[in-house]
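Reading the structure
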Amino acid sequence: MSDIRRMAVVGAGQMGGGIALVAAQAGIAVTVQDAFPGAADKCRALHRKLMDRAVEKGKATRPDADAALARIGFTQSIDDLAGADWVVEAIVEDASIKKDLFRKLGAILPDQRVALATNTSSISITEIAAALPKDHQHRVVGMHFFNPVPVMALVEVIRGLQTSDDVVARTVALAERLGKTPLKANDRPGFVSNRVLMPMINEAFYAWMHGVAEPEAIDGIMKLGCNFPMGPLRLADFIGLDTCVHIMNVLADGLNDDRYRACPLLRQLVTAGRLGDKTGRGVYEYPQK
Ligand code: 3HC
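Note on numbering: residues in each chain are counted from 1, in written sequence order. Whole-chain, interface and lining totals are the exception, using all residues; otherwise, since this is a predicted model, local features are given only for residues with pLDDT of at least 70 and side-chain atom pairs are given and counted only at 80 or more. The basis for every side-chain value is the complete set of heavy atoms in the structure, and neither hydrogens nor water enter the calculation.

1. A closer look at the site of the ligand
Taken together, the neighbourhood of the ligand is formed by 18 residues, with Lys 57, Lys 59, Ser 121, His 144 and Asn 147 sitting nearest. One nitrogen or oxygen atom from the side chain of Arg 53 is found 3.2 Å from an oxygen atom belonging to the ligand. A distance of 2.8 Å separates an oxygen atom of the ligand from a polar side-chain atom of His 144. Note on areas: these come from Shrake-Rupley sampling with a 1.4 Å probe, and a residue is covered only by the protein chains present in the view. Protein contacts shield 63% of the accessible area of the ligand, which totals 1,000 Å² for the unbound molecule. The numbering of helices and of strands both runs from the N terminus, where a helix is a DSSP run of H or I of at least 4 residues and a strand a run of E of at least 2. Of all the elements in the fold, those that place two or more residues in the shell around the ligand are helix H2 (39-56), helix H7 (193-209) and helix H9 (232-239). Note that Gly is not counted as nonpolar here; it falls among the polar residues with everything else outside the nonpolar set of Ala, Val, Leu, Ile, Met, Phe, Trp, Tyr, Cys and Pro and the charged set of Asp, Glu, Lys and Arg. For the shell around the ligand, the per-class residue count stands at 11 nonpolar, 4 polar and 3 charged. Here the bounds of each domain stem from an automatic or database domain assignment. Shared between two domains, the shell around the ligand takes at least three residues from each, and those domains are domain 1 (6-186) and domain 2 (193-279). We call a residue near a molecule or strand whenever a single non-hydrogen atom of that residue lies within 4 Å of it. Pairing of N or O atoms within 3.5 Å defines a polar contact, subject to two protein rules: one partner must be a possible hydrogen donor and the other a possible acceptor, and residues neighboring in sequence count only if both atoms are side-chain atoms.

2. As for H9
Buried means the residue's accessible area, taken with a 1.4 Å probe over protein chains only, is under 20% of the maximum for its type, while exposed means over 50%, and partly exposed covers the values in between. Residues Pro 232, Leu 233, Leu 235, Ala 236 and Asp 237 constitute the buried set of H9. The contact criterion used throughout is that any non-hydrogen atoms of two residues lie within 4.5 Å. Those residues of H9 hidden inside the fold are in contact with H7, helix H8 (215-226) and helix H10 (241-255). A positive phi of about 110° marks Gly 240, the residue just after H9.

3. Focus on the domain arrangement of the protein
Partitioning the protein into structural domains gives domain 1 (6-186) and domain 2 (193-279). Its C-alpha centre places domain 1 at a distance of 27 Å from the equivalent point of domain 2. Counting residues at the interface gives 9 residues for domain 1, matched by 6 residues for domain 2. Here domain 1 and domain 2 share an interface that buries about 590 Å² over both sides, 52% of which is from carbon and sulfur atoms. Put simply, buried area is how much 1.4 Å-probe accessible surface two parts lose in total, over both of them, once they are put together. The three residues of domain 1 that bury the most area against domain 2 are Ser 121, Ser 122 and Asn 147, which together make up 54% of that side's buried surface. A pair is scored as a salt bridge if a Lys or Arg side-chain nitrogen falls within 4 Å of a carboxyl oxygen belonging to Asp or Glu. Linking domain 1 with domain 2 are 0 salt bridges, by the criterion used here. Applying the counting criterion to the domain 1 and domain 2 interface returns 3 residue pairs in polar contact (both at pLDDT 80 or more).

4. A word on the sheet that holds strand S8 (residues 181-186)
In short, DSSP must find at least two bridges between two strands for them to pair. Here 8 strands make up an open sheet; going across it, the order is S3-S2-S1-S4-S5-S6-S7-S8 and the pairing mixed. The open sheet is flanked by strand S3 (72-75) and S8, the only strands paired with a single partner. Adjacent strand axes in the sheet meet at a mean angle of 25° when their direction is disregarded. As paired elements, strand S5 (residues 115-118) and strand S6 (residues 140-144) share 3 bridges and run parallel to each other. Its bridge partner being in S6, Leu 116 is matched across the sheet by Val 140. Here helix H1 (residues 14-25) sits on the sheet and contacts strand S1 (6-10), strand S2 (29-33), S3 and strand S4 (86-89); the angle it forms with S1, its principal contact strand, is near 170°. Only the stretch in contact is used when a helix axis is fitted, and all axes are lines through C-alpha atoms; the angle between N-to-C directions ranges over 0 to 180 degrees.

5. Considerations on the packing of H7 against helix H11 (residues 264-271)
At a minimum axis distance of 8 Å, the contact between H7 and H11 shows a crossing angle of 95°. Regarding the angle of H7 to H11, the classification is roughly perpendicular. Packed against H7, whose contacting residues are Asn 202, Phe 205, Tyr 206, Trp 208 and Met 209, the element H11 presents Pro 264, Leu 265, Leu 266 and Leu 269 at the interface. Roughly parallel here means an angle under 35 degrees, roughly antiparallel means over 145, roughly perpendicular means 65 to 115, and every remaining angle is called oblique.

Below you can see the structure in the form of structure tokens.
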């Protein structure tokens, strides 16, 4: 059983916000840190909307929803995370920015029992841990959530070379407490999820580029024929085309194999600024966003 009482979440974006909400619903007090001035208001508004919807649908009572929302605090200062007994980092996918952050977190939270989890989708856990002093490296673990966090059942638990058995066991317990199913993977490029998912998405771009079918048909065939909730091109827009390219680069470089190179059409859309839902246009158009 997880004994976490106060969690720190670094990053108030879609992933960090989702992680904070599921933790608060599980009775954990959460402090969300994001240096960007508007981030807290946006995240708070989304939390309120999701909890209102849960109440309307009878999935939560009003008092439970209000109590969960009241458990979430926001700050712009990383120093305010002192005293937390678990950290989940969900910031930008940039190895050097993450390593800097983990060095700071190690200093602010020197207690060896405080695990430092990263929600990275592709950066090596071993590499992030190596940024910390030797006697703190065992605290770093991968805790890979999926978007939308409140809906998706999985937490991929990734053990770096230095991660201790105790931290892995407590990560599994925490994921279960959050109502998720934890499944373990080793620290190899893309772990399991993106090692398997991203080449499929990349192949869908090749199918489009080679004129096998139009995007709607590619997605329709995969939705109806394979029972996917979203076709691979729609899912790429949902994830972000820039993120897809980034993960393919990690696979190609980490596995030293050009068959993982991002499809030229995918790269071209990114160059054109068509990043998917978040920019209002990717493979498809999203005028409302
Ligand atoms: N936050 C919270 N809840 C959400 C949500 C969000 N952003 N979007 C949808 N939901 C909830 C809805 O409230 C609804 O809940 P209900 O069942 O209680 O009514 C439920 O999800 C279904 O939503 P909708 O009816 O509006 O829409 P759909 O049935 O089309 O489902 C979807 C939307 C859940 C996003 C579904 O299309 C889906 O599962 N898509 C695939 C998502 C996926 O594969 N995610 C993984 C991406 S990869 C990743 O994250 C890893 C990274 O490393 C790349």
